[in-house]
Amino acid sequence: MLTSINCNGVLMEFTQPKLMGILNLTPDSFSDGGKYCKPKIAFKRIEQMLIEGADIIDIGAVSSRPGAELIGSNDEKARLSPVLSELRYLFPKVIFSLDTFRSEIAEWAVKAHRISIINDISGGQWDSEMLPTVAKLQVPYVAMHIKGLPQNMQQNPTYKNVTHELIHYFSEITDKATRLGLHDLIIDPGFGFGKTIEQNYELLKKLTQFKIFEKPILVGISRKSMIYKVLDSDPNEILAGTTAAHTLALINGADILRVHDVKEAKQVIKLISYLS
């Protein structure tokens, strides 16, 4: 199955998996909080990820780590503005996605700064105008699954069958998106967002089941607790574990890996592509 998305007139085809490099403009993200908040440092990080092989740069200004309090829209915009204002001058042809759950921020970023993709951890659950707004903007949309809010999502998340419930969830989203005229949809199971370690690995094992939607599948497992808790380590000491998890995700059908360590993830993609 060959899928593609239209990013500002550029057709991205998934003949092989793509890499989405993470740029957190947050002081409190679980792995690299505070490292890239200053624009000059952020721009250097973007350059580095592009050199290492990133196909998309995902920019976020709101931490969604477990237990995090969600900041207001004014604070989110204030964190984004210094970087987004220079982004297209410095990187005119790069595909940028914005990690936001607010339709007003999405619309501002696309119209004022030509952001290419909207990446919404809530899948439109937290802002009823998000899907209609993205459909109007005609940009690709990453719909992620989350159960609860970051403040409480890891407090005993329960499912009768986690894979079946997520398939039902994405069935509803794809149907709504189609009715709105939003066809460039990417689905993200939301590893670590309202799931136990066991539930995360069940989803990873059964990732191929999400191919029924015939949409690109995004997997974000880089440095997450589903890896470092199993290894009894911390987020910055599990590169080998993250690489192993990325390998499993690619074998099971991931089309996009959202990663902190671009160079190493690129090597995994090259090896898996060589074997296929």
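The residue numbers shown here count from 1 along each chain, following its written sequence. Per-residue local features of the predicted model are confined to residues with pLDDT of at least 70, and side-chain atom pairs are confined, for both listing and counting, to 80 or more; whole-chain, interface and lining totals are unaffected and use all residues. Calculated side-chain values reflect all of the structure's heavy atoms, with hydrogen atoms and water omitted.

**Student:** Please explain the pattern of salt bridges as it appears in this structure.
**Tutor:** Pairing between side chains of opposite charge can happen when the charged atoms of each approach one another. Throughout this description, the term salt bridge denotes a Lys or Arg side-chain nitrogen within 4 Å of a carboxyl oxygen of Asp or Glu. Going through the model one piece at a time under the given rule, you end up with nine salt bridges. The residue aspartate 261 makes a salt bridge to arginine 223 at a minimum N-O spacing of 2.9 Å. A residue pair is termed long-range when its members are at least 10 positions apart, and aspartate 261 in the loop between strand S10 (256–259) and helix H9 (262–275) and arginine 223 in the loop between strand S9 (218–219) and helix H7 (225–228) qualify at 38 residues. A residue is classified by how much of its surface remains accessible, and arginine 223, at 15% relative accessible area, is buried. The network of salt bridges with shared partners includes Asp58, Asp99 and Arg258. Note on conventions: DSSP H or I runs of at least 4 residues are helices, E runs of at least 2 residues are strands, and numbering of each starts at the N terminus. Here the term buried applies to any residue with accessible area under 20% of the maximum for its type, exposed to any over 50%, and partly exposed to those in between, with areas from a 1.4 Å probe on protein chains only.

**Student:** Which parts of the structure should I look at to understand the sheet that holds strand S5 (residues 96–99)?
**Tutor:** Within a sheet, neighbouring strands are paired by backbone hydrogen bonds and run either parallel or antiparallel to one another. Strand pairing is assigned whenever DSSP detects at least two bridges linking the two strands. Sheet architecture is open: eight strands sit in the order S8-S7-S6-S5-S4-S3-S10-S9, paired in parallel fashion. Only two strands of the sheet have a single neighbouring strand rather than two, namely strand S8 (185–188) and S9.

**Student:** Help me understand the nonpolar core, please; the structure alone is not making it clear to me.
**Tutor:** In summary, soluble globular proteins display a tendency toward joint burial of nonpolar side chains. Throughout this description, the term nonpolar core refers to a set of buried Ala, Val, Leu, Ile, Met, Phe, Trp, Tyr and Cys residues connected via side-chain atoms within 4.5 Å. Core analysis: the biggest nonpolar cluster contains 69 residues, and Ile59, Leu87, Ile118 and Phe210 have the highest contact counts within it. Filtering out sequence-adjacent residues up to four positions away, leucine 87 remains in contact with Phe43, Ile46, Ile59, Phe96 and Ile115. Of all hydrophobic cores here, the second largest spans twelve residues; its members include Met12, Phe14, Ile56 and Ile95. Throughout, a contact is declared for two residues whenever any of their heavy atoms are within 4.5 Å.

**Student:** Sorry if this is basic, but what is going on with the packing of aromatic side chains here?
**Tutor:** The description of an aromatic ring pair uses the distance of the two centres, along with the angle that the planes make with each other. Two aromatic rings from Phe, Tyr or Trp, using only the six-membered ring of Trp, form a pair when their centres are within 6.5 Å; if the ring planes differ by under 30 degrees the pair is stacked, by over 60 it is edge-to-face, and anything between is tilted. Applying the stated rule across the entire model yields six aromatic pairs. Consider the rings of phenylalanine 43 and phenylalanine 91, whose centres lie 6.4 Å apart with planes at 55 degrees: the pair is tilted. Of this pair, phenylalanine 43 sits in helix H1 (residues 39–52) while phenylalanine 91 sits in the loop between helix H2 (73–90) and S5, placing them 48 residues apart in sequence. Exposure class is identical for phenylalanine 43 and phenylalanine 91. Each is buried. Ring geometry for phenylalanine 170 and phenylalanine 213: centres 6.4 Å apart, planes at 70 degrees, overall edge-to-face. Here phenylalanine 170, found in helix H5 (residues 162–180), pairs with phenylalanine 213, found in the loop between helix H6 (197–205) and S9; they are 43 residues apart in sequence, far enough to count as distant. You can call phenylalanine 170 buried: its relative accessible area is 0%. A relative accessible area of 13% places phenylalanine 213 in the buried class.

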